[in-house]
Amino acid sequence: MAYYIIKLIITTFLIVLISEIAKRSSLAGALLAAIPLVSILAMTWMYIDTDSSNNAVEFSNRIVWLIAPSMTLFIAFPILIKKGLGFYASMGISIVLTIMAYYSVIFVLSRFGIKL
């Protein structure tokens, strides 16, 4: 149980740290957020939990295919804000569009025999 609490504290600390840095400098915050910290942490925890890098490799390979649809959020959100939608509406629509993009990529890849 202590191990899970340590994982939670480290992961939470990094997210809070990045959001606090972003308040002071959007560039520094964006740079830190662009680093795939969540993926790095997930792969690290997988390795520590299993003592095998195979799960982390498979995880990493799947992430590569999902990078492009994740950009949907970062493209749609500012466009919607500039069109006059509120923050929460823009975020909600952007999230829905991103989920649709993920499913579309997964569907198209499955047609080519690539299973995520």
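Please read these numbers as outputs of a predicted model, since none were measured by experiment.

1. Quick notes on the pattern of salt bridges
- Inspection of every chain in the model, using the stated rule, returns four salt bridges.
- Here E20 makes a salt bridge to K23, at a shortest N to O gap of 2.9 Å. Of this pair, E20 and K23 both sit in helix α1 (residues 2-24), three residues apart, which is roughly one turn of that helix.
- In this structure E20 comes out as partly exposed when scored by relative accessible area, which is 29%.
- For K23, a relative accessible area of 62% corresponds to the exposed category.
- The partner of E58 in a salt bridge is R62, with the nearest N and O atoms 3.0 Å apart. Note that E58 and R62 are positioned in helix α4 (residues 54-82) at a spacing of four residues, about one turn of the helix.
- Judged by relative accessible area, which is 33%, R62 ranks as partly exposed.

2. Comments concerning a nonpolar patch on the surface
- A grouping of I67, M71, F74, I75 and I79 is seen on the molecular surface, where their side chains present a nonpolar patch of about 490 Å² in accessible area.
- Tracing the chain through its elements places I79 in helix α4.
- The class for I79 is partly exposed, based on a relative accessible area of 44%.

3. Some details on the packing of α1 against helix α2 (residues 26-34)
- In the contact formed by α1 and α2, the axes pass within 6 Å of each other and the chain directions differ by 150°. Looking at the two axes, α1 sits roughly antiparallel to α2. Facing α1, whose interface residues are I18, I21, A22 and R24, α2 presents S26, A28, G29, L32 and A33.
- In the contact of α1 with α2, the residues fall into six nonpolar, two polar and one charged.

Basis of the calculations
- Residues numbered from 1 in each chain as written.
- Predicted model: local features only at pLDDT ≥ 70, side-chain atom pairs only at ≥ 80, totals over all residues.
- Heavy atoms only, no water.
- Salt bridge = Lys/Arg side-chain N within 4 Å of Asp/Glu carboxyl O.
- Helix = DSSP H or I, 4+ residues; strand = E, 2+ residues; numbered from the N terminus.
- Buried < 20%, exposed > 50% of the residue type's maximum accessible area, 1.4 Å probe, protein only.
- Patch = residues over 30% accessible without salt bridge, like charges linked within 9 Å, V, L, I, M, F, W, Y side chains within 5 Å.
- Areas by Shrake-Rupley, 256 points an atom, 1.4 Å probe, with all protein chains shown as cover.
- Axes fitted to C-alpha atoms, helices over the stretch in contact; angles between N-to-C directions.
- Parallel < 35°, antiparallel > 145°, perpendicular 65-115°, else oblique.
- Contact = heavy atoms within 4.5 Å.
- Nonpolar A, V, L, I, M, F, W, Y, C, P; charged D, E, K, R; others polar.

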